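This is what each chain is made of:
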Amino acid sequence: MLYYILFTILTTPLLLIILHHHLCRRRNHRLPPGTYGLPLLGETLQLIAAYKTDNPEPFIDERVGRYGPIFKTHVFGERTIFSVDPDVNRFILQNEGRLFESSNPASVSNLLGRHSLVVMKGNLHKRMHFLTLSFSNDAIIRDHLLVDIDRLVRFFLDSWSDRVFLMDEAKKMTFALTMKQLMSFDPCEWTETLGKEYLNVIEGFFTIPSPFFSMTYNRAIKSRTKVADALSKVVRERRKASEHGEKKKDMLGALLNEEVEGGRFSDEIIVDFLVSLFVGGNETMATLMTLAVKFLTDTPLALAQLKAEHDNIRAKKGDDEPLDWADYESMQFTQCVINESLRVANTVGGVFRRTTSDINIKGYTIPKGWKIFASFRGVHMDDQHFKDARSFNPWRWQSDAGKPLPLGVFTPFGGGPRLCPGYKLARASVSVFLHHLVTKFSWEPAEEDKLVFFPTTRTQKRLPLILRRRGSAM
Ligand code: HEM
């Protein structure tokens, strides 16, 4: 008996180790290749270090070289699969809500609100996503939004002095555009104050998400409350006015009118929803405007061709005549510049998802509950898909005209059920901005500025420019 007990005590740990090893091998043997790095930290520090240099590509490039376009790693506290494979990225995007669901840290719902589109899931998400898309489709932009975009862009550009930090000006402008489109507000003192609070909220996304460790995060949460209070007041007033038959054709009007299970959306849902549209639209659009100007400044031939396209449009119109839909549709080279800016800038570098069941893909099995990152940047910067991918070359979109790229290769706005609902609006706004910028001004850099990639892609000094009004004496 004693021998039996001793044998059991001695062999049980050994058996457990063998069993564990066997199970791990069984579970792991079809996972994509890759390394997890250090305990707890994983490869997070390598990822951040790469994005803090002038060239973040090696983090992905080295692993793709070693393991192929799907590899496993451990970043931000979790084992994660990285995909730089267009087929896999397309599969991930299209199967959102079925095999994958979007996975955001708690800080995102704290800052955006639990009813924001980014956080919503299931049928409510489908419905709200559709509503947002239908509010920014071609017909709405043509018939309603374009005229406001044109007017507001002029308003801001007319107020510029001869030296600006473009990123700051672009943020003010995109905030005003969103205020107008969502709630019909023109720029005023109230919108300016709200804009400042909103900028604090945005800062909260790029810091440690804890009110105890980060003043910035603490301030962001407080500003979020102020923004939500201010918007709640507007929603209440508009609801009252709409009950008295006063209807406005903006996003808020559409939300107030929408029927849900015999009733209407609550104020809280509407406010969270509006906040997520502000956040989704502004920073991304302002960054795209700024980086497009940076790339054009560094590529004089492209700038000259863009100027010629817009001078040509302006020559057919009076000086102050607003742009119309036909003008917008004629901006073909502008669309090439926007595509190429989106591709090189990678304003949104990719999306995180979580698997909702075991997924078999390209010979690998990704277990249920794992994080997966569909890297748009990795595909956009791959020479296999875009010749000489690291250079800004808007003409590549001209030679490709009429020849659509394979799905999953160019995804600056994502795809599938979470396709960016503001993508048409963003394109139209940036096009109108470029039109007025190049027809009204010439410019040169006030200082050397360069692209940085951490925590997001932007220029280090907010792109300081010296401006000269075209046609004015030097
Ligand atoms: C250059 C500008 C923009 C870029 C690059 C961009 C990019 C993206 C991407 C990649 C996604 C998909 C995220 C995912 O799949 O998880 C997305 C979603 C979203 N975007 Fe945009 N976006 C831009 C402009 C806008 C604008 C102007 C608006 C608002 C009017 C907007 C509102 C949103 C919202 C609300 C979502 C969440 C959609 C959902 O989860 O269903 N975006 N955007």
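Owing to the predicted nature of the structure, the values given are computational and were not obtained by experimental measurement. (Residues numbered from 1 in each chain as written. Predicted model: local features only at pLDDT ≥ 70, side-chain atom pairs only at ≥ 80, totals over all residues. Heavy atoms only, no water.)

Visitor: I'm lost on the coordination of the iron atom of the ligand in this one. Help?
Guide: Just one protein atom donates to the iron atom of the ligand; it is Cys 420 (SG), sitting 2.3 Å from the metal. Relative to the assigned elements, Cys 420 resides in the loop between α17 (396-399) and α18 (423-440). (Donors = N, O, S within 2.8 Å, 3.2 Å for Na, K, Ca; no water. Helix = DSSP H or I, 4+ residues; strand = E, 2+ residues; numbered from the N terminus.)

Visitor: Explanation requested: the site of the ligand in the structure shown.
Guide: Around the ligand, the structure places 22 residues, and the nearest of them are His 125, His 129, Arg 353, Arg 418 and Cys 420. Between His 125 and the ligand, the recorded distance is 2.6 Å, taken from a side-chain N or O atom to an oxygen atom. A distance of 2.8 Å separates an oxygen atom of the ligand from a polar side-chain atom of Arg 418. Contributions of two or more residues to the shell around the ligand are made by α6 (122-135), α12 (267-298) and β7 (350-355). With six residues, α12 is the single largest residue contributor to the shell around the ligand. Of the residues belonging to the shell around the ligand, the class tally is 13 nonpolar, seven polar and two charged. (Near = heavy atom within 4 Å. Polar contact = N/O pair within 3.5 Å; in protein donor to acceptor, adjacent residues only side chain to side chain. Nonpolar A, V, L, I, M, F, W, Y, C, P; charged D, E, K, R; others polar.)

Visitor: What is the right way to look at the pairing of strand β2 (residues 78-83) in this model?
Guide: Side chains on a regular strand alternate between the two faces of the sheet. Where strand β1 (residues 70-75) lies against β2, six bridges are found, and the strand directions are antiparallel. Paired with Thr 73 across the two strands is Thr 80, which belongs to β2. Where β1 folds back on β2, the antiparallel hairpin that results is connected by two residues, among which Phe 76 adopts a positive phi of roughly 45 degrees. Relative to strand β10 (residues 371-375), β2 runs parallel, the two sharing four bridges. Of the residues in β10, the one forming a bridge with Ser 83 is Ala 374. (Pairing = 2+ DSSP bridges.)

Visitor: Just to check I follow, could you spell out helix α10 (residues 215-243) for this structure?
Guide: Compared with the 42 Å implied by 1.5 Å per residue over 29 residues, the 42 Å span of α10 between its first and last C-alpha is a close match. Its side-chain oxygen 3.3 Å from the backbone nitrogen of Thr 216, Ser 214 forms the N-cap of α10. Immediately beyond the C-terminal end of α10, within one or two residues, lies Gly 245, with a positive phi of roughly 85 degrees. (Expected span 1.5 Å × (residues − 1).)

Visitor: I tried to follow unusual backbone geometry on my own but got confused; where do I start?
Guide: Residue Pro 455 is reached from Phe 454 by a cis peptide bond, and omega for that bond is 0 degrees. Looking at where Pro 455 falls in the secondary structure, it is placed in the loop between β12 (451-452) and β13 (458-459). If you check the backbone angles, Leu 40 has positive phi at about 65 degrees while not being a glycine. Take Leu 40: it is sitting in the loop between α1 (2-28) and α2 (44-51). Residue class for Leu 40 comes out exposed when judged on its relative accessible area of 79%. Positive phi, normally seen in glycine, also occurs at Asn 346, with a value near 50 degrees. (Buried < 20%, exposed > 50% of the residue type's maximum accessible area, 1.4 Å probe, protein only.)

Visitor: When you look at α6 in this model, what are you seeing that I'm missing?
Guide: Helical geometry: 3.6 residues make up each α-helical turn, so side chains three or four residues apart lie on a common side. A rise of 1.5 Å per residue sets the reference length of α6, with its 14 residues, at 20 Å; its end C-alpha atoms lie 20 Å apart and thus fit the reference within 8%. Every buried residue of α6 is accounted for by His 125, Met 128, His 129, Leu 131, Thr 132 and Phe 135. The buried side chains of α6 occupy one side of the element, clustering within an arc of 160 degrees when seen end-on. Pointing more than 90 degrees away from the buried face of α6 are the exposed residues Asn 123, Lys 126 and Phe 130. (Arc of directions from axis to C-beta.)

Visitor: Is there a simple way to think about the sheet that holds strand β11 (residues 441-445) in this case?
Guide: By definition, the strands of a sheet pair up through backbone hydrogen bonds, in either a parallel or an antiparallel sense. The sheet built from three strands is open, its strands ordered β4-β14-β11 with antiparallel pairing. In this open sheet, the two edge strands, each paired with only one partner strand, are β4 (163-165) and β11. Averaged over neighbouring strand pairs, the angle between their axes works out to 35 degrees when direction is ignored. As defined by bridge partners, β4 adjoins strand β14 (residues 464-469) across three bridges and the pair is classed as antiparallel. (Axes fitted to C-alpha atoms, helices over the stretch in contact; angles between N-to-C directions.)

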